[in-house]
Amino acid sequence: MNDESPTSAAVLTLARRKEKLIREGANFRVGMRSSIELVGNNLQTDTLARSIISQLTGTAYSALGSLLRVKGANLQTLVPIVVSGVSFALKARLLRPLLRTTAVVGAVGAGAYFLFRRDGRAAKDESV
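Heads up: these notes are all about the structure in this document. (Residues numbered from 1 in each chain as written. Predicted model: local features only at pLDDT ≥ 70, side-chain atom pairs only at ≥ 80, totals over all residues. Heavy atoms only, no water.)

With that settled, the discussion passes to the overall build of the protein chain. A count of helices and strands for the protein chain gives four helices and zero strands. In the protein chain, the order of α-helices and β-strands from amino to carboxyl end is α-α-α-α. Among the 128 residues that make up the protein chain, the fraction classed as buried is 3%. When the accessible surface of the protein chain is summed, it comes to about 11,500 Å², and 66% of that surface belongs to carbon and sulfur atoms. (Helix = DSSP H or I, 4+ residues; strand = E, 2+ residues; numbered from the N terminus. Buried < 20%, exposed > 50% of the residue type's maximum accessible area, 1.4 Å probe, protein only. Areas by Shrake-Rupley, 256 points an atom, 1.4 Å probe, with all protein chains shown as cover.)

What follows is the structure, given as structure tokens:
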């Protein structure tokens, strides 16, 4: 007799479809697990702080670039402007307040960095 009847062919394709669906489900679960781990890693305080600082740096650089984007602006045209600005700051005694402000902003940034870094370590130690 013929073993390849229409019912055995249908059962075979159903078995193949079932195996395929089981494989797809396993792949989906692995993908979900890795996505959950990735999101968890990206929500840690040190990663968030780096991301925020990177975003702020990029935004500031872009804004500064658009302000300085003058036709023909390059290093040769910007150096005299910077030198005259520094000269004015020295004559007007603005250099010390400018340096103080820079130091304060740097100290606040460093403090925030170390604070976020310490919180991230403490969270890692608690999770272990």
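This next bit is on a nonpolar patch on the surface. Taken together, the side chains of Val-39, Leu-43, Leu-48, Ile-52 and Leu-56 define a hydrophobic patch exposed on the protein surface, amounting to about 480 Å² of accessible area. Residue contributions to the nonpolar patch peak at three residues, all from helix H2 (residues 45–68). Assessed through its relative accessible area of 47%, Val-39 is described here as partly exposed. (Patch = residues over 30% accessible without salt bridge, like charges linked within 9 Å, V, L, I, M, F, W, Y side chains within 5 Å. Salt bridge = Lys/Arg side-chain N within 4 Å of Asp/Glu carboxyl O.)

We now examine the packing of aromatic side chains. Between two aromatic rings, the relevant description is the distance of the centres plus the angle of the planes. Applying the stated criterion across every chain yields a total of one aromatic pair. Ring centres 5.2 Å apart and planes at 70 degrees place the aromatic pair Tyr-113 and Phe-114 in the edge-to-face group. On the basis of relative accessible area, Tyr-113 is assigned to the partly exposed category, the value being 34%. (Phe/Tyr/Trp six-rings, centres within 6.5 Å; stacked < 30°, edge-to-face > 60°.)

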